[in-house]
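Okay, here's what each chain looks like letter by letter:
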Amino acid sequence: MECIKIRGVDISRFMLGTVQLGLDYGMANSTGKPSQEKAHEILQIAHDMGVTVLDTAAAYGTSEEVVGSYLKANNHNMLAISKFKLWSEDPVPELKKQIDTSRELLGKVDGYMFHDADQMRKHHKAVRETLEEMKTTDKLAFLGSSVYTAEDVEDFLEQCPWLEAIQIPMNVLDTRIVQRGLLEELQKRGVAVFVRSVFLQGMLCMEKAPEKFSFMQPSLDAINEVARAGGMTLPQMAVAYIRDLPGVTSLVLGCETPEQVRDNANLINTRALTAAELDAITEISKKAPIEDCMAVIQGKKK
(Lines give C-alpha, C1' and ligand atoms only; values in the text may rest on other atoms or scores of the structure.)
Protein backbone atom coordinates (compact mmCIF):
# COMPACT_ATOMS: atom_id res chain seq x y z
CA MET A 1 0.00 0.00 0.00
CA GLU A 2 1.20 3.49 -0.82
CA CYS A 3 2.54 5.49 2.13
CA ILE A 4 3.37 9.15 2.63
CA LYS A 5 6.39 9.95 4.80
CA ILE A 6 5.50 12.52 7.45
CA ARG A 7 8.20 13.66 9.88
CA GLY A 8 10.18 10.51 9.40
CA VAL A 9 7.35 7.97 9.65
CA ASP A 10 5.43 6.17 6.92
CA ILE A 11 1.70 6.95 6.96
CA SER A 12 -0.37 4.53 4.88
CA ARG A 13 -3.11 6.04 2.74
CA PHE A 14 -5.57 3.84 4.68
CA MET A 15 -5.40 4.41 8.45
CA LEU A 16 -7.43 1.93 10.49
CA GLY A 17 -9.99 3.63 12.72
CA THR A 18 -10.51 1.51 15.84
CA VAL A 19 -13.51 3.09 17.55
CA GLN A 20 -15.52 0.04 16.41
CA LEU A 21 -13.13 -2.19 18.35
CA GLY A 22 -14.05 -0.47 21.60
CA LEU A 23 -17.68 0.59 21.11
CA ASP A 24 -20.81 -0.27 19.13
CA TYR A 25 -20.44 2.51 16.57
CA GLY A 26 -21.73 3.60 13.15
CA MET A 27 -25.17 3.57 11.54
CA ALA A 28 -24.15 0.76 9.17
CA ASN A 29 -22.66 -1.40 11.93
CA SER A 30 -24.78 -4.57 12.03
CA THR A 31 -22.34 -6.79 13.94
CA GLY A 32 -21.57 -4.69 17.01
CA LYS A 33 -18.30 -4.53 18.91
CA PRO A 34 -16.13 -7.53 17.95
CA SER A 35 -14.60 -9.93 20.47
CA GLN A 36 -10.95 -9.37 21.33
CA GLU A 37 -10.01 -12.40 19.24
CA LYS A 38 -11.88 -10.99 16.24
CA ALA A 39 -10.44 -7.53 16.88
CA HIS A 40 -6.92 -8.98 16.81
CA GLU A 41 -7.76 -10.70 13.52
CA ILE A 42 -8.92 -7.34 12.12
CA LEU A 43 -5.70 -5.66 13.25
CA GLN A 44 -3.53 -8.44 11.82
CA ILE A 45 -5.24 -8.27 8.43
CA ALA A 46 -4.79 -4.49 8.44
CA HIS A 47 -1.08 -5.00 9.04
CA ASP A 48 -0.87 -7.64 6.32
CA MET A 49 -2.66 -5.31 3.87
CA GLY A 50 -0.08 -2.59 4.44
CA VAL A 51 -1.80 -0.37 7.03
CA THR A 52 0.88 1.37 9.11
CA VAL A 53 -1.23 3.51 11.46
CA LEU A 54 -4.01 2.81 13.98
CA ASP A 55 -6.29 5.63 15.13
CA THR A 56 -7.72 5.37 18.64
CA ALA A 57 -8.72 7.54 21.62
CA ALA A 58 -9.17 7.37 25.36
CA ALA A 59 -12.88 8.01 24.77
CA TYR A 60 -13.33 5.00 22.44
CA GLY A 61 -14.44 2.56 25.14
CA THR A 62 -11.94 -0.31 25.32
CA SER A 63 -10.24 0.53 22.02
CA GLU A 64 -6.86 1.50 23.50
CA GLU A 65 -6.82 -1.67 25.58
CA VAL A 66 -7.70 -3.89 22.61
CA VAL A 67 -5.23 -2.21 20.27
CA GLY A 68 -2.52 -2.31 22.92
CA SER A 69 -3.01 -6.00 23.63
CA TYR A 70 -2.49 -6.65 19.92
CA LEU A 71 0.56 -4.38 19.56
CA LYS A 72 2.24 -5.85 22.63
CA ALA A 73 1.77 -9.38 21.30
CA ASN A 74 3.21 -8.63 17.85
CA ASN A 75 6.67 -7.45 16.95
CA HIS A 76 6.05 -4.88 14.24
CA ASN A 77 6.04 -1.12 13.89
CA MET A 78 2.41 -0.11 13.40
CA LEU A 79 1.93 3.40 14.78
CA ALA A 80 -0.69 4.23 17.41
CA ILE A 81 -2.34 7.66 17.35
CA SER A 82 -4.52 8.52 20.34
CA LYS A 83 -6.61 11.48 21.46
CA PHE A 84 -7.28 13.05 24.84
CA LYS A 85 -10.05 15.00 26.56
CA LEU A 86 -9.46 17.32 29.51
CA TRP A 87 -12.12 18.20 32.06
CA SER A 88 -10.13 19.71 34.95
CA GLU A 89 -9.57 23.40 35.53
CA ASP A 90 -5.94 22.37 36.04
CA PRO A 91 -5.42 20.51 32.74
CA VAL A 92 -1.66 19.82 32.82
CA PRO A 93 -1.68 17.12 35.55
CA GLU A 94 -4.74 15.58 33.90
CA LEU A 95 -2.98 15.54 30.52
CA LYS A 96 0.08 13.85 32.02
CA LYS A 97 -2.11 11.24 33.68
CA GLN A 98 -3.98 10.57 30.45
CA ILE A 99 -0.88 10.01 28.33
CA ASP A 100 0.50 7.75 31.07
CA THR A 101 -2.69 5.68 30.87
CA SER A 102 -2.68 5.62 27.06
CA ARG A 103 1.00 4.67 27.04
CA GLU A 104 0.37 1.87 29.51
CA LEU A 105 -2.62 0.50 27.55
CA LEU A 106 -1.11 0.87 24.09
CA GLY A 107 2.50 0.19 24.98
CA LYS A 108 3.45 3.44 23.22
CA VAL A 109 1.94 6.62 21.79
CA ASP A 110 3.20 7.74 18.37
CA GLY A 111 0.87 10.71 17.80
CA TYR A 112 -1.25 12.62 20.30
CA MET A 113 -4.23 14.83 19.48
CA PHE A 114 -6.92 16.95 21.11
CA HIS A 115 -10.12 14.93 20.77
CA ASP A 116 -12.12 17.85 19.38
CA ALA A 117 -11.93 21.52 18.56
CA ASP A 118 -13.64 22.69 21.76
CA GLN A 119 -10.87 21.00 23.73
CA MET A 120 -8.26 22.55 21.46
CA ARG A 121 -9.70 26.07 21.80
CA LYS A 122 -10.07 25.84 25.58
CA HIS A 123 -6.77 24.23 26.51
CA HIS A 124 -4.17 24.81 23.78
CA LYS A 125 -2.37 27.64 25.56
CA ALA A 126 -2.30 25.87 28.93
CA VAL A 127 -0.96 22.56 27.66
CA ARG A 128 1.26 23.56 24.73
CA GLU A 129 4.53 23.47 26.66
CA THR A 130 3.66 20.12 28.25
CA LEU A 131 2.66 18.60 24.92
CA GLU A 132 5.85 19.77 23.28
CA GLU A 133 7.86 18.26 26.14
CA MET A 134 5.91 15.00 25.66
CA LYS A 135 6.74 15.08 21.98
CA THR A 136 10.43 14.97 22.86
CA THR A 137 10.29 12.48 25.75
CA ASP A 138 7.81 10.13 24.08
CA LYS A 139 9.33 10.61 20.63
CA LEU A 140 5.93 11.51 19.21
CA ALA A 141 5.82 11.85 15.43
CA PHE A 142 3.34 14.71 15.69
CA LEU A 143 0.85 16.62 17.82
CA GLY A 144 -2.56 17.56 16.46
CA SER A 145 -6.29 17.93 16.89
CA SER A 146 -9.44 16.29 15.67
CA VAL A 147 -12.11 18.78 14.55
CA TYR A 148 -15.62 18.81 13.05
CA THR A 149 -16.29 21.95 11.01
CA ALA A 150 -14.68 24.34 8.57
CA GLU A 151 -14.77 26.96 11.32
CA ASP A 152 -12.83 24.56 13.54
CA VAL A 153 -10.18 24.23 10.84
CA GLU A 154 -9.90 28.02 10.68
CA ASP A 155 -9.40 28.16 14.46
CA PHE A 156 -6.81 25.39 14.21
CA LEU A 157 -4.86 27.41 11.64
CA GLU A 158 -5.17 30.69 13.53
CA GLN A 159 -4.71 29.56 17.13
CA CYS A 160 -2.46 26.50 16.90
CA PRO A 161 0.24 26.95 14.23
CA TRP A 162 2.47 24.65 16.32
CA LEU A 163 0.19 21.63 15.76
CA GLU A 164 1.31 19.39 12.91
CA ALA A 165 -1.70 17.14 12.20
CA ILE A 166 -5.45 17.46 11.92
CA GLN A 167 -8.28 14.95 11.62
CA ILE A 168 -11.33 16.23 9.75
CA PRO A 169 -14.64 14.81 8.48
CA MET A 170 -15.10 14.98 4.70
CA ASN A 171 -16.88 12.97 2.04
CA VAL A 172 -18.55 13.34 -1.35
CA LEU A 173 -21.61 14.94 0.27
CA ASP A 174 -19.66 17.09 2.74
CA THR A 175 -17.16 19.21 0.84
CA ARG A 176 -17.41 22.35 2.96
CA ILE A 177 -13.74 22.31 3.93
CA VAL A 178 -12.75 21.90 0.28
CA GLN A 179 -15.06 24.70 -0.86
CA ARG A 180 -13.56 27.10 1.69
CA GLY A 181 -10.03 26.48 0.39
CA LEU A 182 -8.90 25.20 3.79
CA LEU A 183 -7.22 22.08 2.47
CA GLU A 184 -4.93 24.30 0.43
CA GLU A 185 -3.99 26.30 3.51
CA LEU A 186 -3.31 23.14 5.54
CA GLN A 187 -1.13 21.87 2.71
CA LYS A 188 0.83 25.15 2.62
CA ARG A 189 1.48 24.80 6.36
CA GLY A 190 2.71 21.23 5.94
CA VAL A 191 -0.03 19.87 8.20
CA ALA A 192 -0.75 16.13 7.95
CA VAL A 193 -4.45 15.72 7.11
CA PHE A 194 -6.31 12.60 8.22
CA VAL A 195 -9.88 12.35 6.88
CA ARG A 196 -12.61 10.48 8.73
CA SER A 197 -16.32 10.03 7.92
CA VAL A 198 -15.39 9.16 4.33
CA PHE A 199 -18.56 7.03 4.20
CA LEU A 200 -20.62 9.53 6.23
CA GLN A 201 -20.74 7.10 9.16
CA GLY A 202 -21.82 4.31 6.82
CA MET A 203 -24.59 6.14 4.95
CA LEU A 204 -22.60 6.11 1.71
CA CYS A 205 -22.54 2.32 1.88
CA MET A 206 -26.36 2.17 1.89
CA GLU A 207 -28.90 2.38 -0.93
CA LYS A 208 -31.44 3.91 1.46
CA ALA A 209 -30.72 6.36 4.22
CA PRO A 210 -31.93 5.51 7.76
CA GLU A 211 -35.33 7.00 8.54
CA LYS A 212 -34.00 9.89 10.62
CA PHE A 213 -31.78 10.85 7.68
CA SER A 214 -34.51 10.50 5.04
CA PHE A 215 -33.93 14.15 4.03
CA MET A 216 -30.54 12.99 2.69
CA GLN A 217 -32.08 10.48 0.23
CA PRO A 218 -32.23 12.81 -2.81
CA SER A 219 -28.54 13.62 -2.41
CA LEU A 220 -27.73 9.95 -1.85
CA ASP A 221 -29.64 8.99 -5.01
CA ALA A 222 -27.90 11.68 -7.04
CA ILE A 223 -24.39 10.71 -5.94
CA ASN A 224 -25.19 7.01 -6.47
CA GLU A 225 -26.20 7.78 -10.04
CA VAL A 226 -22.86 9.44 -10.74
CA ALA A 227 -21.05 6.37 -9.40
CA ARG A 228 -23.17 3.95 -11.45
CA ALA A 229 -22.67 5.99 -14.63
CA GLY A 230 -18.93 5.61 -14.16
CA GLY A 231 -19.11 1.89 -13.51
CA MET A 232 -18.19 2.34 -9.85
CA THR A 233 -19.76 1.56 -6.51
CA LEU A 234 -20.49 4.51 -4.26
CA PRO A 235 -17.84 3.38 -1.71
CA GLN A 236 -15.27 3.27 -4.53
CA MET A 237 -16.14 6.78 -5.61
CA ALA A 238 -16.24 8.03 -2.02
CA VAL A 239 -12.72 6.77 -1.35
CA ALA A 240 -11.25 7.90 -4.69
CA TYR A 241 -12.61 11.41 -4.20
CA ILE A 242 -11.04 11.94 -0.77
CA ARG A 243 -7.83 10.04 -1.55
CA ASP A 244 -6.95 12.33 -4.45
CA LEU A 245 -7.75 15.69 -2.85
CA PRO A 246 -4.50 17.71 -2.74
CA GLY A 247 -3.21 17.82 0.82
CA VAL A 248 -4.92 14.67 2.12
CA THR A 249 -2.44 12.38 3.86
CA SER A 250 -4.58 9.41 4.88
CA LEU A 251 -8.17 8.16 5.12
CA VAL A 252 -9.34 6.97 8.55
CA LEU A 253 -11.59 4.02 7.78
CA GLY A 254 -13.23 2.06 10.57
CA CYS A 255 -13.89 -1.67 10.30
CA GLU A 256 -15.79 -4.12 12.48
CA THR A 257 -15.09 -7.25 10.42
CA PRO A 258 -11.99 -8.71 8.72
CA GLU A 259 -13.82 -8.56 5.39
CA GLN A 260 -14.26 -4.80 5.72
CA VAL A 261 -10.52 -4.37 6.25
CA ARG A 262 -9.79 -6.18 3.00
CA ASP A 263 -12.53 -4.29 1.18
CA ASN A 264 -11.29 -0.91 2.40
CA ALA A 265 -7.68 -1.73 1.54
CA ASN A 266 -8.80 -2.65 -1.97
CA LEU A 267 -10.86 0.55 -2.25
CA ILE A 268 -7.65 2.56 -1.89
CA ASN A 269 -6.63 1.24 -5.31
CA THR A 270 -9.79 2.52 -7.06
CA ARG A 271 -9.22 4.46 -10.27
CA ALA A 272 -9.00 8.23 -10.23
CA LEU A 273 -12.20 10.17 -10.89
CA THR A 274 -12.72 12.07 -14.12
CA ALA A 275 -13.10 15.83 -14.29
CA ALA A 276 -16.80 15.38 -15.11
CA GLU A 277 -17.29 13.15 -12.07
CA LEU A 278 -15.52 15.66 -9.84
CA ASP A 279 -17.71 18.48 -11.18
CA ALA A 280 -20.85 16.42 -10.55
CA ILE A 281 -19.78 15.70 -6.97
CA THR A 282 -19.15 19.40 -6.37
CA GLU A 283 -22.61 20.38 -7.61
CA ILE A 284 -24.43 17.64 -5.68
CA SER A 285 -22.54 18.35 -2.46
CA LYS A 286 -23.36 22.07 -2.65
CA LYS A 287 -27.07 21.21 -2.53
CA ALA A 288 -26.85 18.43 0.08
CA PRO A 289 -28.39 19.36 3.49
CA ILE A 290 -25.17 18.43 5.23
CA GLU A 291 -25.59 20.92 8.09
CA ASP A 292 -28.86 19.22 9.06
CA CYS A 293 -27.23 15.83 8.66
CA MET A 294 -24.37 16.72 11.00
CA ALA A 295 -26.78 18.19 13.51
CA VAL A 296 -28.60 14.84 13.68
CA ILE A 297 -25.34 12.89 13.95
CA GLN A 298 -24.18 15.12 16.81
CA GLY A 299 -27.55 14.84 18.54
CA LYS A 300 -28.39 18.51 18.10
CA LYS A 301 -31.43 17.85 15.95
CA LYS A 302 -34.00 15.04 15.72
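Reading the values: the criteria
Residues numbered from 1 in each chain as written. Predicted model: local features only at pLDDT ≥ 70, side-chain atom pairs only at ≥ 80, totals over all residues. Heavy atoms only, no water. Helix = DSSP H or I, 4+ residues; strand = E, 2+ residues; numbered from the N terminus. Buried < 20%, exposed > 50% of the residue type's maximum accessible area, 1.4 Å probe, protein only. Contact = heavy atoms within 4.5 Å. Areas by Shrake-Rupley, 256 points an atom, 1.4 Å probe, with all protein chains shown as cover. Lys, Arg positive; Asp, Glu negative; His and termini not counted. Charge placed at Lys NZ, Arg CZ, Asp CG, Glu CD. Phe/Tyr/Trp six-rings, centres within 6.5 Å; stacked < 30°, edge-to-face > 60°. Pairing = 2+ DSSP bridges. Axes fitted to C-alpha atoms, helices over the stretch in contact; angles between N-to-C directions. Core = buried A, V, L, I, M, F, W, Y, C linked by side-chain atoms within 4.5 Å. Expected span 1.5 Å × (residues − 1). Arc of directions from axis to C-beta. Salt bridge = Lys/Arg side-chain N within 4 Å of Asp/Glu carboxyl O. Disulfide = S-S within 2.5 Å. Parallel < 35°, antiparallel > 145°, perpendicular 65-115°, else oblique. Left-handed = near helix turned anticlockwise from the far one by under 90°. Nonpolar A, V, L, I, M, F, W, Y, C, P; charged D, E, K, R; others polar.

Q: I would appreciate a short explanation of the overall build of the chain in the present structure.
A: Scanning the chain from terminus to terminus reveals 12 helices and 10 strands. A principal-axis box enclosing the C-alpha atoms of the chain has dimensions of 55 × 45 × 40 Å. Put simply, the chain has 302 residues, and 56% of those count as buried. Contacts in the chain between residues far apart in sequence, at least 24 positions, make up 75% of those at least 6 positions apart. Approximately 13200 Å² of the chain is accessible, and the part contributed by carbon and sulfur atoms is 49%. Positive and negative side-chain charges of the chain, numbering 34 and 43 respectively, have mean locations separated by a distance of 1 Å.

Q: When you look at the packing of aromatic side chains in this model, what are you seeing that I'm missing?
A: Here a ring pair, both rings aromatic, is described through the centre-centre distance and the interplanar angle of the planes. Tallying each qualifying case throughout the model produces 4 aromatic pairs. Between Phe 213 and Phe 215, the aromatic rings sit 6.3 Å apart at their centres with planes inclined by 45°, giving tilted as the arrangement. Each member of the aromatic cluster is reached from another via a ring pair, and the members are Phe 84, Tyr 112 and Phe 114.

Q: I would appreciate a short explanation of the sheet that holds strand β9 (residues 192–196) in the present structure.
A: In a beta sheet, neighbouring strands pair by backbone hydrogen bonds and run either parallel or antiparallel. With parallel pairing, 8 strands are arranged side by side around a closed barrel as β3-β4-β5-β6-β7-β8-β9-β10. Neighbour-to-neighbour, the strand axes of this sheet turn through a mean angle of 30°, independent of strand direction. Relative to strand β4 (residues 53–55), strand β3 (residues 14–17) is paired through 2 bridges, and the arrangement is parallel. Residue pairing for β4: Gly 17 is matched across the bridge by Asp 55.

Q: What is the right way to read the pairing of strand β2 (residues 9–12) from this model?
A: Residues in a regular strand point their side chains to alternate faces of the sheet. Here strand β1 (residues 3–6) pairs with β2 via 4 bridges, running antiparallel. In the sheet register, Lys 5 faces β2, and the bridge partner there is Asp 10. Here β1 folds back onto β2 in antiparallel fashion, the turn holding 2 residues, of which Arg 7 has a positive phi close to 50°.

Q: Before we go on, may I ask you to explain the side chain of Ser 145 in this structure?
A: Within the fold, Ser 145 resides in strand β7 (residues 142–146). Every residue in contact with Ser 145, bar those within four places of it in the chain, is listed here: Met 113, Phe 114, Asp 116, Met 120, Phe 156, Leu 163, Ala 165, Ile 166 and Gln 167.

Q: Sorry if this is basic, but what is going on with the nonpolar core here?
A: One broad trend across soluble globular proteins is that nonpolar side chains are buried collectively. Leu 131 and Ile 168 are the most contacted members of the largest nonpolar core, which has 88 residues in total. Ranked by residue count, the leading element in this core is helix α9 (residues 234–243), at 7 residues.

Q: Can you walk me through unusual backbone geometry in this structure?
A: Excluding glycine, residues mostly carry a negative phi; peptide bonds, for their part, are mostly trans. We note that Ser 197 has phi near 60°; this positive angle belongs to a residue other than glycine. On the secondary structure map, Ser 197 appears in the loop between β9 and α8 (217–229).

Q: I would appreciate a short explanation of helix α1 (residues 36–48) in the present structure.
A: Think of an α-helix as 3.6 residues a turn; residues three or four steps apart then line up on the same face. For α1, with 13 residues, the first-to-last C-alpha span of 18 Å sits near the 18 Å given by 1.5 Å per residue. Listing the buried residues of α1 in full gives Ala 39, Ile 42, Leu 43, Ile 45 and Ala 46. Seen from one end, α1 has its buried residues packed into an arc of 160°, which puts them on one side. Opposite the buried face of α1, by more than 90 degrees, sit the exposed residues Glu 37 and Asp 48.

Q: Can you walk me through the pattern of salt bridges in this structure?
A: Where side chains of opposite charge bring their charged atoms close, a pairing between them can arise. All chains considered together, the criterion is met by 22 salt bridges. The partner of Asp 10 in a salt bridge is Lys 5, with the nearest N and O atoms 2.9 Å apart. A relative accessible area of 38% places Asp 10 in the partly exposed class. Residue Glu 207 is joined to Arg 228 by a salt bridge in which the shortest nitrogen-to-oxygen separation is 2.8 Å. With a gap of 21 residues between them, Glu 207 in the loop between β9 and α8 and Arg 228 in helix α8 connect regions that are remote in the sequence. Glu 207 sits in the exposed class, given a relative accessible area of 54%. When salt bridges that share partners are traced, they join Asp 118, Arg 121, Asp 152 and Asp 155 into one network.

Q: For this particular structure, what's the right way to read the side chain of Gln 119?
A: As for its placement among the helices and strands, Gln 119 is situated in helix α4 (residues 117–137). When its relative accessible area of 7% is taken as the criterion, Gln 119 is described as buried. When near neighbours in sequence (up to four residues on either side) are disregarded, Gln 119 contacts Phe 84, Lys 85, Leu 86, Trp 87, Phe 114 and His 124.

Q: Would you take a moment to explain the state of the cysteines for this structure?
A: Cysteine pairs can be covalently joined through their sulfur atoms, and such a bond is termed a disulfide. Throughout the structure, instances matching the rule amount to 0 disulfides. Cys 255 supplies the cysteine sulfur nearest to Cys 3, a cysteine that is in no disulfide, at a spacing of 16 Å. On the basis of relative accessible area, Cys 3 is assigned to the partly exposed category, the value being 31%.

Q: Even after reading the chapter, I still don't get the packing of helix α3 (residues 91–106) against α4, so can you show me in this structure?
A: Between two packed helices, both the angle of their axes relative to each other and the distance between the axes serve to describe the pair. α4 packs onto α3 with a crossing angle of 40° between their chain directions and a minimal axis gap of 9 Å. Of the possible angle classes, the one that applies to α3 and α4 is oblique. Here the hand of the crossing between α3 and α4 comes out right-handed. Contact residues: α3 offers Pro 91, Val 92, Leu 95, Lys 96 and Ile 99, while α4 offers His 123, Ala 126, Val 127, Thr 130, Leu 131 and Met 134. Taken together, the residues of the contact of α3 with α4 sort by class into 8 nonpolar, 2 polar and 1 charged.

No statement about biological role is implied by the geometric values presented.
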